[in-house]
Amino acid sequence: MKIVAARKILKANDQLAEENRGRFNRSGTLVVNMVGSPGCGKTTLLEALFGGLDGRVVPAVIEGDLASSIDAERIEKLGVPVVQINTQGACHLDAVMVADACEGIALDKTDLLVIENVGNLVCTAGFDLGEHLRIVLLSVSEGDDKVIKYPTIFRKSDALLITKTDLLPQSNFSVDRVRADMQRLTPKAQLFQVSASTGEGVRQLADWLLGKCPRAE
Amino acid sequence: MHELSIVKTLIEQVEKEVRRSGHDGHVVHLDIIIGRLSGVNVDSIRFAFDLLSPDTLLEEANLRITEAKAVCLCGACDARTEIDELVANCPACGSEQITFEGGQDLLLESIELDD
């Protein structure tokens, strides 16, 4: 006899991601999934970003790495509530891990929750965590051809942040090329140029995020 | 990417479906669809299946895989064409103004039992 199933094999993560999103909507928390290669500047940008929020929002962070609490310790120094997920080898976060981590976050008091995903431009594209926004970082030192080479993650992002722009004078990175490639793949995505070390673009990024926070002043 | 954990999830889903149906028996055929743009490799799925199906009710199953192509929708000329590439121009007019439909999912289609 034949059983017709006609269902997605990876439905479980999608379903839990929807549940996560519902929970975040109810608590009025804007949730951002931050992806990018290892070393593209995710944690450093968070350090610069939280310095410039001026108490306008209450932030929290979920850090994702295979091992160690190095990133969580950096965020803790800023006085921002943080939970570290150690995936013990998994190359991306998924909705289950985020749901568990949220047990350690006071969501009702949190206006902006940033989930710093495992450094990875490939696998992170396939797993909805329940976020409202997905932002992808691409640093000047990685090269300007990555949008076309890793289209899936860039296509699924709401914003691309070109980071380490202070290195532009020393490199042949073309911002115009990245802009053109993003226009081709996903014209609706925002493009930001930021430097955590000089502060360039950080204010504009903060304003954009706060504009999307349901509870920001 | 992640083919082993995908197959593990697939086997669990099949076991759940069979239990829910109330029928006994081994699976004779298992039909799945892999989207050409899903990032999942068909050969790796077969390899993972051979590795994980022994001692389950799928150990004698014939795994049948259909690959689903994505459709490229052109904003310039309205053409709908099947496509295999992650990044492409419209095959009909060359425009870059395209969006994709389908070809990105993994689906468990049907399970055939031997009872």
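Up top is the structure these notes are about.
Residues numbered from 1 in each chain as written. Chains lettered and ligands numbered in written order. Predicted model: local features only at pLDDT ≥ 70, side-chain atom pairs only at ≥ 80, totals over all residues. Heavy atoms only, no water.

A. Just the sheet that holds strand β6 (residues 106-113) of chain B, in detail. If you walk across this open sheet you meet the four strands as β1(A)-β6(B)-β1(B)-β2(B), and the pairing is mixed. Looking at the sheet topology across the chains shown, the edges are occupied by β1 (2-8) of chain A together with β2 (62-68) of chain B. Taking each pair of neighbouring strands and ignoring which way they run, the sheet shows an average axis angle of 15°. Of the strand pairs in this sheet, strand β1 (residues 27-35) of chain B and β2 of chain B are connected by seven bridges, and their pairing is parallel. If you follow Ile32 of chain B over to β2 of chain B, its bridge partner there is Ile65 of chain B. (Pairing = 2+ DSSP bridges. Helix = DSSP H or I, 4+ residues; strand = E, 2+ residues; numbered from the N terminus. Axes fitted to C-alpha atoms, helices over the stretch in contact; angles between N-to-C directions.)

B. Region of the structure containing the nonpolar core. Within the largest apolar cluster, 31 residues are counted, with the highest numbers of intra-cluster contacts made by Leu45, Leu46, Leu161, Leu205 and Trp208 of chain A. Those elements giving two or more residues to this core turn out to be β2 (30-36), α2 (42-51), α3 (70-76), β5 (112-116), β6 (133-139), β7 (159-163) and α8 (202-212) of chain A. Excluding its chain neighbours within four sequence positions, the residues that come into contact with Leu46 of chain A are Met34, Val61, Glu63, Ile75, Leu78, Val114 and Glu116 of chain A. One finds Ile34, Ile45, Ala48 and Leu113 of chain B within the second-largest nonpolar core, a separate group that totals 27 residues. (Core = buried A, V, L, I, M, F, W, Y, C linked by side-chain atoms within 4.5 Å. Buried < 20%, exposed > 50% of the residue type's maximum accessible area, 1.4 Å probe, protein only. Contact = heavy atoms within 4.5 Å.)

C. Expanded view of the side chain of Thr29 of chain A. Residues and elements named next belong to chain A. By the secondary structure assignment, Thr29 is in the loop between α1 (11-27) and β2. Residue Thr29 is classed as buried on the basis of its relative accessible area, which comes to 1%. One polar contact links the side chain of Thr29 to the main-chain carbonyl oxygen of Thr110, over a distance of 2.9 Å. In contact with Thr29, other than residues within four places in its own chain, are Phe24, Leu107, Thr110, Asp111, Leu112, Leu113 and His132. (Polar contact = N/O pair within 3.5 Å; in protein donor to acceptor, adjacent residues only side chain to side chain.)

The quantities given are spatial measurements derived from coordinates; they are silent on function.
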